[in-house]
Amino acid sequence: MFIMLIFGSRFIQQGGVYVFHIFDNYAATGWCLLFLGMMECIAVSWFFGIERFWKHVCEMIGFEPTIPWFKWSWAVITPLSTSVLMVISLVFYKRLKYHTYVYPDWALVICWLMTLSSISWVPGYALYFFFYETKGDLKQRWQQCITPKGETTLKTSKGLTDEAGDFLEMEPFYNEGSESARKMEDSTPGVEQALVDQQPPKYEDIGHSV
């Protein structure tokens, strides 16, 4: 906290607005958010699988929407729109300035270093995982990179095949008729009746009592 206080105090000193303008344009806004949002949608939709992810979302909310707007947005609309906006922002890039003050070259270097500090972790860790955390030839390494963690794979003469199947399929918490459900019902006798007895009186009953 003390270190954050030291860095934050620079914004309220004389000339702090110029430092704040750098952070406001290059720290965690604009191009950084567009790039990270695009990479997140691509990783979830095209590597993990949009159908699998959508199934998990429907299980969490309890129903499947009639029109899957979010599914289409995660898979297609958001990656395309963010990539187009990034290209446009680079094509029409203008030198940073605050009112009439134009930032010098060394300040722009700091600006782009701040931007790279946010987005370089994505390709950096991807390269690290590809070369140091996987084994086999390039095709096998790529297959291991895009396979969700938890799914075991088996090497065969044709390459990598799935041994665990759909390992990440979520099991329902409570199934009627299952052994765990029967144990739960047997261990809590009279709970349902107690809940019924504690129900608030109906409107009609209150009217009759009055």
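As a reminder, the structure under discussion sits directly above these lines.
What this report covers is the structure whose coordinates are included nearby.

The rules behind the values
- Residues numbered from 1 in each chain as written.
- Predicted model: local features only at pLDDT ≥ 70, side-chain atom pairs only at ≥ 80, totals over all residues.
- Heavy atoms only, no water.
- 1 Å grid on protein atoms, 1.4 Å probe; cavity = no way out; pocket = protein on both sides within 12 Å on 5 of 7 lines; lining within 4 Å.
- Points joined across faces, edges and corners; volume = space filled by probe spheres on them.
- Helix = DSSP H or I, 4+ residues; strand = E, 2+ residues; numbered from the N terminus.
- Nonpolar A, V, L, I, M, F, W, Y, C, P; charged D, E, K, R; others polar.
- Expected span 1.5 Å × (residues − 1).
- Buried < 20%, exposed > 50% of the residue type's maximum accessible area, 1.4 Å probe, protein only.
- Arc of directions from axis to C-beta.
- Contact = heavy atoms within 4.5 Å.
- Polar contact = N/O pair within 3.5 Å; in protein donor to acceptor, adjacent residues only side chain to side chain.
- Axes fitted to C-alpha atoms, helices over the stretch in contact; angles between N-to-C directions.
- Parallel < 35°, antiparallel > 145°, perpendicular 65-115°, else oblique.
- Left-handed = near helix turned anticlockwise from the far one by under 90°.
- Patch = residues over 30% accessible without salt bridge, like charges linked within 9 Å, V, L, I, M, F, W, Y side chains within 5 Å.
- Areas by Shrake-Rupley, 256 points an atom, 1.4 Å probe, with all protein chains shown as cover.
- Salt bridge = Lys/Arg side-chain N within 4 Å of Asp/Glu carboxyl O.

## Describing the layout of surface pockets
What the second largest pocket holds in volume is close to 310 Å³. If you trace the second largest pocket, you find 15 residues lining it, with Asn25, Tyr26, Trp31, Ser89 and Tyr93 closest to the centre. Contributing elements (two or more residues each) for the lining of the second largest pocket: helix H2 (16-26), helix H3 (31-61), helix H4 (69-91) and helix H5 (105-119). Among the residues forming the lining of the second largest pocket, the class breakdown is 8 nonpolar, 5 polar and 2 charged.

## Details of H5
Taking 1.5 Å of rise per residue, the 15 residues of H5 would be expected to cover 21 Å, and the 21 Å separating its terminal C-alpha atoms lies within 8% of that figure. Those residues of H5 lying buried are Ala107, Leu108, Cys111, Met114, Thr115 and Ile119. The buried residues of H5 all sit within an arc of 130 degrees when viewed along its axis, so they share a single face. Within H5, the exposed residues directed more than 90 degrees away from the buried face are Asp105, Trp106 and Leu113. In this structure, the buried side of H5 is in contact with H2, H3 and helix H6 (121-132).

## What to know about the side chain of Lys71
If you trace the backbone, Lys71 turns up in helix H4. Within the local environment of Lys71, its side chain forms a polar contact with the side chain of Glu51, the two groups lying 2.8 Å apart. The contact partners of Lys71, leaving out residues within four places of it in the chain, are Ile50, Glu51 and Trp54.

## Quick notes on the packing of H3 against H4
Contact geometry for H3 and H4: axes closest at 8 Å, N-to-C directions at 165 degrees. Judged by the angle between their axes, H3 and H4 are roughly antiparallel. As for the relative orientation of H3 and H4, their crossing is left-handed in sense. Here the residues of the contact of H3 with H4 are counted per class, giving 18 nonpolar, 5 polar and 2 charged.

## Side note on unusual backbone geometry
In this model, His99 sits at a positive phi of 60 degrees, which is unusual for a non-glycine residue. Relative to the helices and strands, His99 is located in the loop between strand E1 (97-98) and strand E2 (101-102).

## Focus on the packing of H3 against H5
Running from N to C, H3 and H5 cross one another at 20 degrees; their axes reach a closest spacing of 10 Å. The orientation of H3 with respect to H5, classified from their angle, is roughly parallel. Both H3 and H5 take part in a crossing whose hand is right-handed. Counting all contacts with H3, which are made through Trp31, Cys32, Phe35 and Leu36, the residues of H5 involved are Thr115, Ser118 and Ile119.

## Structural notes on a nonpolar patch on the surface
On the surface, Trp46, Phe47, Ile67, Trp69, Phe70, Trp72, Val76, Ile77, Leu80 and Trp142 cluster together into a nonpolar patch covering about 1200 Å² of accessible area. Residue assignment for the nonpolar patch shows that the elements contributing at least two residues are H3 and H4. Examining the composition of the nonpolar patch, we find that 6 residues originate from one element, H4, more than from any other. Position of Ile77 among the secondary structure elements: in helix H4.

## Quick word on the pattern of salt bridges
Considering all chains together, one arrives at 2 salt bridges under this definition. For Lys71, the salt bridge identified is with Glu51, shortest N-O distance 2.8 Å. Note that Lys71 is positioned in helix H4 and Glu51 in helix H3, a separation of 20 residues in sequence. Arg95 is the salt-bridge partner of Asp105, the closest N and O atoms lying 2.4 Å from each other. Remark: Arg95 occurs in the loop between H4 and E1 and Asp105 occurs in helix H5; sequence separation between them is 10 residues. Under the relative-accessibility criterion, Asp105 is labelled exposed at 53%.

Function cannot be read off these values alone, since they describe shape.
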